[in-house]
Amino acid sequence: MGGPPPGTRRRRHGHRVQRTGHRTRHGRAPAESGSRCSSAEGGRGRSVPTRPDLPTSRATGCSSVWDADALRDDVRVCVGESLGPDGVLIIDDTGFIKKGTTSAGVGRQYTGTSGKIDNCQIGVFAAYATGSGRALVDRELYLPKAWTSDRDRCRAAKIPDERGFATKGELARNIVRRCLGAGLPAAWVTADEAYGQDWHFRRMLEQLDVGCVVAVPKSQQMKSLAGIWRIDQLIEDAPGDAWQRLSCGDGAKGPRIYDWAGAKLPANLIFDPDPPTHRRWVMARRSLSDPEDVAYYLAYAPVGIEIAELARIVGSRWAIEECFQAAKNKCGLDEYEVRRYPGWYRHITLAMLAHAVLTALAAQPHAGGEAARGAAETAQPSFRSPWQRSGDSWTLSCPTHEPTATPSPTH
């Protein structure tokens, strides 16, 4: 699980990004000949001497054409091999604060980077995480409609004519399909509620036959033949003994412990095989210090998986935040002045490569495993409740109270 030796990775990436001509220890190259070095965007640059017998540099842009997507694919393979199988693919976005209006995709939009509406670019990313480490494996630049509806503006920023408007959710779906289709050995996918509330995103994961746990807002509506309910209403009906105190992983201050409740939903006769290979879950996480602080989740998990494992998947989502922080602080993910569309992809992909190399070097074989956990034996509730015990877990049947009348296509 420690991955291939460093020389193997160097040979793999050498044809994507090659080293520039020979330089002395003071950074100057012999003046056998001269060539014009372009920027990361493929534009004009300063004249620097190079040796004619060595390949031109793709890393510094001395070759005006190199394939950022091919390098991205190499990064994904490197990360998968280094960190091992059965990991979690995590989807999230991050912002890049900018000035002006010419950088591809820039506009006033909300970003968690500043916690407010700001003038920024937004990138949708995927990270892969196992017990051995985590690293970014894919990226897409979000283009607001103000950009895609102005083709002259797009052409000035070198945005391809075929690149139309796509929501962040659509970009996320493309990333997941690409990663799993290329063989990234992820067993799970997780995302925050910006992506989890999208039925198309959840349904795609089911069709790909991959487990998922995604956050949803408390207003998320759940449909059944008996009616429609909000997820927070279903969780309010959970009996006290349906809640378990579990850790969702270690944080900077030790285990992150919350109260968790989860129940399996009835099988979907339209989508599910008989017998089903996966079960859908409704879940909630409650803060110990503030019981009013409740987060809600939907899950699609193989038969036999219990809530402790689902809680662990939820906790893994923070790994992508750690990737953003490390890639920005150590690899310059957000330190660029390129304005054109190709330049953004080149810079971001090279920063991802640098972060992947650091992750691969730091990865160690995962030793041991989590201690086995079991739910405490509890008695069945004496009243008729939609929460019914089934062995060591709970099943959610159709509630008996009046359903919410407002229809929604979200589930």
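Rules used throughout
Residues numbered from 1 in each chain as written. Predicted model: local features only at pLDDT ≥ 70, side-chain atom pairs only at ≥ 80, totals over all residues. Heavy atoms only, no water. Axes fitted to C-alpha atoms, helices over the stretch in contact; angles between N-to-C directions. Helix = DSSP H or I, 4+ residues; strand = E, 2+ residues; numbered from the N terminus. Parallel < 35°, antiparallel > 145°, perpendicular 65-115°, else oblique. Contact = heavy atoms within 4.5 Å. Nonpolar A, V, L, I, M, F, W, Y, C, P; charged D, E, K, R; others polar. Buried < 20%, exposed > 50% of the residue type's maximum accessible area, 1.4 Å probe, protein only. Lys, Arg positive; Asp, Glu negative; His and termini not counted. Salt bridge = Lys/Arg side-chain N within 4 Å of Asp/Glu carboxyl O. Pairing = 2+ DSSP bridges. Phe/Tyr/Trp six-rings, centres within 6.5 Å; stacked < 30°, edge-to-face > 60°. pLDDT = per-residue confidence, 0-100.

### Quick word on the packing of helix H10 (residues 318-331) against helix H11 (residues 341-362)
Contact geometry of H10 with H11 gives a least axis separation of 10 Å together with a crossing angle of 105°. With respect to H11, the element H10 is oriented roughly perpendicular. Of H11, the residues touching H10 (which contributes Cys323, Ala326, Ala327 and Cys331) are Ala351, Ala354, His355 and Leu358. Of the residues belonging to the contact of H10 with H11, the class tally is seven nonpolar, one polar and no charged.

### Some points on the side chain of Asp118
Structurally, Asp118 can be placed in strand E5 (residues 116-130). Buried and unpaired, Asp118 has no salt bridge, with Lys116 as the nearest side chain of opposite charge at 4.4 Å.

### Thoughts on the pairing of E5
Here is the key point about a regular strand: its side chains alternate between the two faces of the sheet. Within E5, 13 of the 15 residues are buried, which leaves it mostly tucked inside the rest of the structure. Taken together, the ten bridges between strand E3 (residues 87-97) and E5 define a ladder with antiparallel strand orientation. Bridged to Ile91 within E5 is Ala126. Sheet analysis places strand E4 (residues 107-111) next to E5, joined by five bridges and oriented antiparallel. If you follow Arg108 over to E5, its bridge partner there is Asn119. Hairpin connection, E4 to E5: the antiparallel pair is bridged by four residues, and Gly115 has positive phi, about 75°. Alignment of E5 against strand E6 (residues 133-142), held across nine bridges, turns out to be antiparallel. Within E6, the position partnered with Ala126 by the bridge is Asp138. The hairpin turn running from E5 into E6, its antiparallel successor, is two residues long.

### So, the packing of aromatic side chains
One pass over the full model with this rule turns up eleven aromatic pairs. With 6.3 Å between their ring centres and 85° between their planes, Tyr258 and Trp260 make a pair best called edge-to-face. Their ring planes at 80° and their centres at 5.0 Å tell us that Trp344 and Tyr345 sit as a pair that is edge-to-face. Residue class for Trp344 comes out buried when judged on its relative accessible area of 1%.

### Considerations on unusual backbone geometry
Geometrically, the link from Asp274 to Pro275 is a cis peptide bond, its omega value of 0° lying close to zero. Phi at Asp86 takes a positive value of approximately 65°, unusual for a residue other than glycine. By the secondary structure assignment, Asp86 is in the loop between helix H2 (68-83) and E3. Relative accessible area serves as the criterion here: at 57%, Asp86 is assigned to the exposed category.

### A few points about the environment of Gly115
Relative to the helices and strands, Gly115 is located in the loop between E4 and E5. The spacing of Gly115 and Gly95 is 20 residues in sequence and 9.8 Å in space, taken between C-alpha atoms.

### Comments concerning the confidence of the model for the chain
Per-residue pLDDT for the chain has a mean of 81; in total, 73% of the residues score no lower than 70. Here residues 366-383 scores under 50 on pLDDT; set against residues more than four positions off or in separate chains, the count is 19 contacts.

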